[in-house]
Amino acid sequence: RSILRQTLRECTYLPDPNARSYMSHFVASRFRRVSFKIWQNRDQPGLGVRVEHHLRNARQMRNGLQRANEGDRQALLRCLEWTYGRRGKRRYVLLEPLMPAEGRQDIVQLMSKDEGPEQDADVSTTEKPLPSLTPELYALAASQRSLNLPSSKKAPKQLEPVIPEFNARLLPMPKKRVKNLTHQWYAKVLDRILAPLPVGEWEQLRDWALGIDMPDVKERRGSSAATLNRGHFRGHTALEAIVVQGRLDPKSFPNQNAHEISRRFMQRLWAQVFSDCPVMDWDDDKKK
């Protein structure tokens with residue numbers, strides 16, 4: 001619980017208001033889900049190893065948020081990418097409306113066979129069709145491919161799977177190999193495509209990247225006088241820390257990558273995130 005409180009406290013200090021709400025909700029839901037899973041498996045052997053693994057991940061999340069609030073550019077940029085769906089779970093949430101509906105291809109395949117009512121079609125035994133891009137995904141991938149993005153940014157390279165007709169033995173390509181190559185191509189396209197942001201959120205991020213109506217940077221709560229006067233190494237000098245602890249705690253040293261979180265600093269970060277955020281307006285009638 002102490003790690004949860006510390007992590008939620010760090011979420012409230014993030015300079016982006018959207019990041020504060022998203023990261024707080026993400027952390028709370030993640031802790032709730034993991035704690036319930038641990039309670040379900042409380043009688044299974046080896047639970048302590050899994051608990052320690054989850055605690056290590058929780059500490060890493062807390063430390064990452066602390067570095068972000070200190071002005072570490074990479075840590076803060078990672079939080080913004082999570083918030084605006086450039087990585088993490090929200091990226092798949094933004095891509096989900098563009099994906100084919102579950103079971104829709106199976107139903108279309110069965111209807112195309114035009115079977116009579118006396119024939120029982122078993123959906124479970126029917127071979128599933130190979131994955132393909134929906135018109136929405138194809139249009140989005142084609143537009144991003146035509147932009148000639150820099151090599152540092154992701155963009156789909158192939159809009160259709162490239163499968164040779166013959167294998168190395170000059171025999172027709174096996175169906176299993178065709179299926180595997182198609183799935184690999186589909187996974188690469190989904191991994192490289194940039195998920196579109198909602199229009200309102202995209203316009204807000206654009207304004208912040210241009211320096212328009214930028215939110216005020218929330219200052220961190222000041223430390224007490226006792227904390228400021230306790231020394232650099234938890235109340236010890238450097239020599240005493242080596243004698244007592246046997247080492248110097250790395251947490252006692254300041255973050256070398258820390259920056260002052262100013263409006264200009266945040267504007268540059270928002271501009272960098274905005275450069276990877278497309279927006280999409282799809283017309284169902286025109287299919288474009």
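Quick caveat: nothing in here was measured; it's all calculated off a predicted structure. Just so you know, the residues in each chain are numbered from 1, in the order the chain's sequence is written. Note on the predicted model: pLDDT of at least 70 is required for a residue's local features to be given, and 80 or more for side-chain atom pairs to be given and counted; whole-chain, interface and lining totals, by contrast, use all residues. Each side-chain value is worked out from all heavy atoms of the structure, with water and hydrogens disregarded.

Structural notes on the overall build of the chain
The line we're drawing: Only DSSP runs of H or I with at least four residues qualify as helices, and only runs of E with at least two residues qualify as strands; both kinds are numbered from the N terminus onward. Between buried and exposed lies partly exposed: a residue is buried under 20% and exposed over 50% of the maximum accessible area for its type, with that area taken using a 1.4 Å probe on protein chains only. Areas reported here follow the Shrake-Rupley algorithm with a probe of radius 1.4 Å; residue values treat only the protein chains shown as occluding.
When helices and strands are tallied, the chain shows 12 helices and zero strands. Reading the chain from its N end, one meets helices and strands in the order α-α-α-α-α-α-α-α-α-α-α-α. Within the chain, buried positions represent 30% of all 288 residues. For the chain, the exposed surface amounts to about 19,700 Å²; the carbon and sulfur share of it is 52%.

With respect to the state of the cysteines
Operational definition: Defined by distance alone, a disulfide is two cysteine sulfur atoms within 2.5 Å.
A complete count under the given rule lists zero disulfides for this structure. Free of any disulfide, Cys 11 has its nearest neighbouring cysteine sulfur in Cys 79, separated by 7.8 Å.

Remarks on the confidence of the model for the chain
Our working definition: Values of pLDDT, which run from 0 to 100, indicate the predictor's confidence residue by residue. Here a residue-residue contact requires only that any non-hydrogen atoms of the pair lie within 4.5 Å.
Taken over all residues, the pLDDT of the chain has a mean of 77, while the share at 70 or more is 75%. Every residue in residues 103-125 is under pLDDT 50, and counting partners more than four places away or in other chains gives 16 contacts. The low-confidence segment residues 224-231 (pLDDT under 50) makes two contacts with residues lying over four places distant or belonging to another chain.

Let's talk about the packing of helix 1 (residues 2-11) against helix 2 (residues 17-40)
We apply this condition: For every element, the axis is a line fit to its C-alpha atoms; helices are fit only across the contacting stretch, and the angle between N-to-C directions ranges from 0 to 180 degrees. Convention used here: angles under 35 degrees read as roughly parallel, angles over 145 as roughly antiparallel, angles from 65 to 115 as roughly perpendicular, and any remaining angle as oblique. Crossing handedness: left-handed means the near helix sits turned counterclockwise from the far one by under a right angle, and right-handed means the same turn made clockwise. In this count, Pro and Cys sit with the nonpolar residues alongside Ala, Val, Leu, Ile, Met, Phe, Trp and Tyr, while Asp, Glu, Lys and Arg are called charged and the others, Gly among them, polar.
As a packed pair, helix 1 and helix 2 sit with axes 9 Å apart at the nearest point and diverge in direction by 165 degrees. Between helix 1 and helix 2, the angle falls in the class roughly antiparallel. In this structure, the crossing between helix 1 and helix 2 has a hand that is right-handed. Of the residues in helix 2, those touching helix 1 at Ile 3, Leu 4, Thr 7, Leu 8 and Cys 11 are Arg 20, Met 23, Ser 24, Val 27, Ala 28 and Phe 31. Of the residues assigned to the contact of helix 1 with helix 2, the class counts are eight nonpolar, two polar and one charged.

Let's talk about the environment of Ile 3
Of note, Ile 3 is situated in helix 1. Relative accessible area serves as the criterion here: at 12%, Ile 3 is assigned to the buried category. Along the chain, Ile 3 and Arg 62 lie 59 residues apart, while their C-alpha atoms are 7.3 Å from each other. Setting aside residues up to four positions removed in sequence, Ile 3 forms contacts with Phe 31, Leu 55, Ala 58, Arg 59 and Arg 62.

Some thoughts on helix 7 (residues 135-145)
Two residues of an α-helix separated by three or four positions point the same way, owing to the 3.6 residues in each turn. Spelled out, the test is: To be clear, the arc concerns the directions from the helix axis to the C-beta atoms.
Of the positions making up helix 7, those classed as buried are Glu 136, Leu 137, Leu 140, Ala 141 and Gln 144. An end-on view of helix 7 places all buried positions within 125 degrees of arc, on one side of the element. Summarising the contacts, the buried residues of helix 7 are in contact with helix 5 (89-95) and helix 8 (175-192).

Looking at a positive patch on the surface
Our working rule: Patch membership needs two things, relative accessible area over 30% and no salt bridge, and members are linked within 9 Å if like-charged or within 5 Å if nonpolar (Val, Leu, Ile, Met, Phe, Trp, Tyr). Think of a salt bridge as a Lys or Arg side-chain nitrogen and an Asp or Glu carboxyl oxygen that are within 4 Å of each other. Neither His nor the chain ends contribute to the count of charged residues, in which Lys and Arg are positive and Asp and Glu negative. In plain terms, the charge of a residue is placed at NZ if it is Lys, CZ if Arg, CG if Asp and CD if Glu.
On the surface, a cluster of positive charge is made up of Arg 30, Arg 33, Lys 37 and Lys 89. A total of three residues in the positive patch trace back to one element, the largest contributor, which is helix 2. By the secondary structure assignment, Lys 89 is in helix 5. Residue class for Lys 89 comes out exposed when judged on its relative accessible area of 57%.

Looking at the nonpolar core
Here is the rule: Within this scheme, the nonpolar core is defined by two criteria: the residues are buried Ala, Val, Leu, Ile, Met, Phe, Trp, Tyr or Cys, and they are joined through side-chain atoms within 4.5 Å.
Leu 80, Tyr 84, Leu 137, Leu 205, Met 266 and Trp 270 are the most contacted members of the largest nonpolar core, which totals 44 residues. At the level of elements, helix 2, helix 3 (47-70), helix 4 (73-83), helix 5, helix 7, helix 8, helix 9 (199-209) and helix 12 (263-274) are the ones that each hand at least two residues to this core. Setting aside chain neighbours within four positions, we find Met 266 in contact with Pro 15, Leu 76, Leu 80, Val 217 and Ile 261.

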